[in-house]
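# Topology and contacts: notes
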Amino acid sequence: MVYCFPVICDMKGKIRTILRMIAGKLSVFLFCVLFISGYNPLFGRENSIVGVVLLMSLLIFLKADFGMAAVYSGALIPVLLVAMGLCAKWSALHPLLGLAIDTLFLGAGLQATRQDESRSAYLPFLMGFVMLRGYDVSGDLLWKRMVSLAVIGCFIGLVHWMFNRRTCGRAGLAALTAPLSRYGAWERWAMSLLGTLIPTMLVGDLLSIPKSMWVNLTVLSLMTPVEEELIHRRRLRVPATILGCVLFLTLFGWLIPQSYQTAVILLAGFLSMFITSYFIKTAYNSFSALVTATLLLPAHTAAATRIVNNLIGAAVTVVSLFFWNRLFRRWDKSLQNS
């Protein structure tokens, strides 16, 4: 019995740790549900994707170091969020105008977050921009969208400053204009990402590809700045997407009555907070994206479109990375020979 006591204590400690983790995740999940539930009635259900982008921004910028004093990065956040909404709208006016606007905003989003060591601060700006382009609105809904980006963006900037004012650097806005080198790892990643994503967005606009946003998001997901993740993600993206589509069609098409579907979506959202696997997260993202897509498209059409667009995005990424890697090797060889 004496020997069992440390084992029992260890088990109790692990149970307490698990319960604390579940309680922490549950509180975050409840906040997310309340945030989106409050956002939609205020700013329109058609703008719900903006609520998701703002929520993602809040969670990521809660602890983020832009490489400058938090007072400056806190002020920069609402400026970029408002610019994101405006640029997403202007980009939809004409493909060639969109090419210039996409280049300016995506470049600015990357430049603003280039000092971030977590390599995730760029996501709210770039992913948010792609999503807002994919859900264009006008009139009163556009005004509500811009007001939400400005007001909640200022709140996010304030929260960022409060949580990071003692931990961020002390540099000023001059950090945004630090010189770039074509031989730097970050610069090469940024060039390859922009050199892939921007042409893909242009082709999607010119050809009017249905739900081309999903192609763009696939490129953005696969071209991660974390080099070890590249091969892993390219291998898993399409199979995980297919699994998510099959689960959606099976659960919502045959097994689960419509009255229980909202509860299933909430439960799946909560469980996803415990998932670290890229494969499972991608399957869940496909599942949740189809929930929204079926408001506009039949379920089978939406699922087929998502699979095809992910295949296109994956193929574009593989070809583009091959091109950029060859170009970078040529630059390295010319540097060695000089």
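Here, the structure is the one placed above.
My aim in this report is to walk through the structure given alongside it, one point at a time. (Residues numbered from 1 in each chain as written. Predicted model: local features only at pLDDT ≥ 70, side-chain atom pairs only at ≥ 80, totals over all residues. Heavy atoms only, no water.)

## A look at a positive patch on the surface
A surface patch of positive charge is lined by R326, R329, R330 and K333. Mapped onto the elements, K333 comes out in helix α12 (residues 299-337). (Patch = residues over 30% accessible without salt bridge, like charges linked within 9 Å, V, L, I, M, F, W, Y side chains within 5 Å. Areas by Shrake-Rupley, 256 points an atom, 1.4 Å probe, with all protein chains shown as cover. Salt bridge = Lys/Arg side-chain N within 4 Å of Asp/Glu carboxyl O. Lys, Arg positive; Asp, Glu negative; His and termini not counted. Charge placed at Lys NZ, Arg CZ, Asp CG, Glu CD. Helix = DSSP H or I, 4+ residues; strand = E, 2+ residues; numbered from the N terminus.)

## Examining empty space enclosed by the protein
For the structure on display, the rule yields one cavity of 30 Å³ or more. Looking at the largest cavity, its volume works out to about 60 Å³. Lining the largest cavity are L110, T113, R114, D116, R119, A121, Y122, W186, W189 and P225. In the lining of the largest cavity, the residues fall into six nonpolar, one polar and three charged. (1 Å grid on protein atoms, 1.4 Å probe; cavity = no way out; pocket = protein on both sides within 12 Å on 5 of 7 lines; lining within 4 Å. Points joined across faces, edges and corners; volume = space filled by probe spheres on them. Nonpolar A, V, L, I, M, F, W, Y, C, P; charged D, E, K, R; others polar.)

## Here's the deal with the packing of aromatic side chains
Taken as a whole, this structure holds eleven aromatic pairs when the rule is applied. Residues Y39 and F43 carry aromatic rings whose centres are separated by 4.7 Å and whose planes lie at 40 degrees to one another, so their mutual orientation is tilted. Taken as a pair, Y39 and F43 lie in helix α1 (residues 4-43) at a separation of four residues, close to a single helical turn. Y39 sits in the buried class, given a relative accessible area of 2%. Residues F323 and W324 carry aromatic rings whose centres are separated by 5.4 Å and whose planes lie at 75 degrees to one another, so their mutual orientation is edge-to-face. Judged by its relative accessible area of 48%, F323 is partly exposed. According to the relative accessible area criterion, W324 is buried, its value standing at 12%. In textbook terms, an aromatic cluster arises when at least three aromatic residues are bridged by ring pairs, as seen for F31, F35, Y39 and F43. Positioned over the ring face of W186 is R114, at 5.5 Å from the centre of the ring. (Phe/Tyr/Trp six-rings, centres within 6.5 Å; stacked < 30°, edge-to-face > 60°. Buried < 20%, exposed > 50% of the residue type's maximum accessible area, 1.4 Å probe, protein only. Lys NZ or Arg CZ within 6 Å of the ring centre and 35° of its normal.)

## Topic: the nonpolar core
Counting 66 residues, the largest nonpolar core has L54, F61, L106 and L110 as the members making the most contacts within it. Considering every element that reaches this core, the biggest residue donor is helix α2 (residues 48-61), with nine residues. For L106, the residues in contact, after removing those within four places along its chain, are L126, F129, L194, L197, I198 and M201. In terms of nonpolar packing, the next biggest core, distinct from the first, is built from five residues, L222, L236, V238 and A314 among them. (Core = buried A, V, L, I, M, F, W, Y, C linked by side-chain atoms within 4.5 Å. Contact = heavy atoms within 4.5 Å.)

## Overview of the packing of helix α7 (residues 185-207) against α12
The contact between α7 and α12 brings their axes to 10 Å, and the two run at 140 degrees. Classified by the interaxial angle, the pair formed by α7 and α12 is oblique. Considering how the two elements wind past one another, α7 and α12 form a crossing that is right-handed. Counted together, R188, M191, S192, G195, T196 and T200 of α7 and V316, S320, W324, F328, W331 and D332 of α12 form the full contact between these two elements. (Axes fitted to C-alpha atoms, helices over the stretch in contact; angles between N-to-C directions. Parallel < 35°, antiparallel > 145°, perpendicular 65-115°, else oblique. Left-handed = near helix turned anticlockwise from the far one by under 90°.)

## Let's talk about the pattern of salt bridges
In total, this model carries six salt bridges according to the counting rule given. The network of salt bridges with shared partners includes D102, R133 and D205.

## Some details on the packing of helix α3 (residues 70-91) against helix α6 (residues 140-164)
Packing of α3 against α6 brings their axes to within 8 Å, and their N-to-C directions diverge by 160 degrees. Comparing the axis directions of α3 and α6 gives the class roughly antiparallel. At the point where α3 passes α6, the crossing takes the right-handed sense. Together, A70, V71, S73, G74, I77, P78, L81, V82, M84, G85, L86 and K89 of α3 and L142, M146, L149, A150, G153, C154, I156, G157, H160, W161 and N164 of α6 make up the contact between the two elements. Grouping the amino acids of the contact of α3 with α6 by side-chain chemistry returns 15 nonpolar, seven polar and one charged.

## Focus: α2
Every α-helical turn comprises 3.6 residues, leaving residues that sit three or four positions apart pointing alike. Compared with an ideal rise of 1.5 Å per residue, which puts 14 residues at 20 Å, α2 spans 20 Å between its outermost C-alpha atoms and is within 8% of the ideal. Within α2, eleven of the 14 residues are buried, which leaves it mostly tucked inside the rest of the structure. Residues of α2 that are buried include every one of I49, V50, G51, V53, L54, L55, M56, S57, L58, I60 and F61, and no others. (Expected span 1.5 Å × (residues − 1).)

## Looking at helix α8 (residues 212-222)
Most of α8 sits out of view: eleven of its eleven residues are buried. Within α8, burial applies to S212, M213, W214, V215, N216, L217, T218, V219, L220, S221 and L222.

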